[in-house]
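Topology and contacts: notes
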Amino acid sequence: MKPPSIKRIALTTVVIAALWGCAPEDLPYSLGDLPAGDAGRGAALFTQSINGSPACSACHSTDGSSSSGPPLDGYGQAAGTRVKGQSAALYSFYSILRPAKHLVRGYSNVMYSQYADKLSQQDVADLIAYMLGL
Ligand code: HEC
């Protein structure tokens, strides 16, 4: 039998690296990499579909009314208390990009999970700025 070619070994390495990239913690950028957020732009993004993703407002109200996701009125106060030792901004960052990481009590893991691929870093920064002002 022929030994595996260099090409095959290289390909296998790439595939393993790609699968490894799916690990929940692993994001291509961190909170500190984000540009300054614009809350006004975030408010507009909140109600829009971006690159085919569902709008945040499809699942989240900002007036306290119930939906499939938790209402986000008062979120600016709540965000910093959700996970011990995690700032409001960091909690928000993970809530958007890795929604399965921490589930809000009483809700199930149904939040759309592909925002990391659909939103730009500016979009994420703007959405966080908007939500922290709610
Ligand atoms: C398909 C429905 C759905 C969509 C679309 C959705 N979410 Fe969610 N979201 C949820 C659900 C359900 C939860 C609660 C479970 C969890 O924590 O993942 C949640 C949780 C959250 C939380 C945590 C709230 C808290 O009180 O701690 C934030 C923040 C959030 N979503 C922001 C967003 C933003 C921003 C968008 C748009 C970019 C968005 N969500 C789109 C369903 C959705």
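All of the points below concern the structure found in this document.

Cut-offs applied
Residues numbered from 1 in each chain as written. Predicted model: local features only at pLDDT ≥ 70, side-chain atom pairs only at ≥ 80, totals over all residues. Heavy atoms only, no water. Buried < 20%, exposed > 50% of the residue type's maximum accessible area, 1.4 Å probe, protein only. Helix = DSSP H or I, 4+ residues; strand = E, 2+ residues; numbered from the N terminus. Arc of directions from axis to C-beta. Contact = heavy atoms within 4.5 Å. Polar contact = N/O pair within 3.5 Å; in protein donor to acceptor, adjacent residues only side chain to side chain. Core = buried A, V, L, I, M, F, W, Y, C linked by side-chain atoms within 4.5 Å. Donors = N, O, S within 2.8 Å, 3.2 Å for Na, K, Ca; no water. Near = heavy atom within 4 Å. 1 Å grid on protein atoms, 1.4 Å probe; cavity = no way out; pocket = protein on both sides within 12 Å on 5 of 7 lines; lining within 4 Å. Sits in = over half its atoms within 2 Å of the grid points.

1. Here's the deal with helix 2 (residues 39–46)
One turn of the α-helix equals 3.6 residues, which is why residues spaced by three or four share an orientation. Of all the positions in helix 2, only Gly42, Leu45 and Phe46 are classed as buried. What you see down the axis of helix 2 is that its buried residues fit within an arc of 100 degrees, all on one side. Lining the buried residues of helix 2 we find helix 6 (121–132). Measuring from the backbone nitrogen of Gly40 back to the side-chain oxygen at the start of helix 2 gives 2.9 Å, which picks out Asp38 as the cap.

2. A few points about the nonpolar core
Core analysis: the largest hydrophobic core is formed by 26 residues, its most contacted members being Leu34, Phe93, Ile96, Leu97, Leu119, Val124 and Leu127. Look past the residues within four positions of Ile96 in its chain and what remains in contact with it is Met111, Tyr115, Leu119, Val124, Leu127, Ile128 and Met131.

3. Points about the coordination of the iron atom of the ligand
With distances of 2.0 to 2.3 Å, the protein atoms coordinating the iron atom of the ligand are His60 (NE2) and Met111 (SD). Residue class for His60 comes out buried when judged on its relative accessible area of 15%.

4. Here we look at the site of the ligand
Neighbouring the ligand are 26 residues, the closest being Cys56, Cys59, His60, Tyr91 and Met111. Interatomic distance of 2.7 Å between a side-chain N/O atom of Arg82 and an oxygen atom of the ligand. A distance of 3.0 Å separates an oxygen atom of the ligand from a polar atom in the backbone of Val104. For the ligand, the cavity whose grid points lie within 2 Å of the majority of its atoms is the largest pocket. Only helix 4 (88–97) and helix 6 provide two or more residues apiece to the shell around the ligand. Looking at the shell around the ligand element by element, the count peaks at three residues for helix 4.

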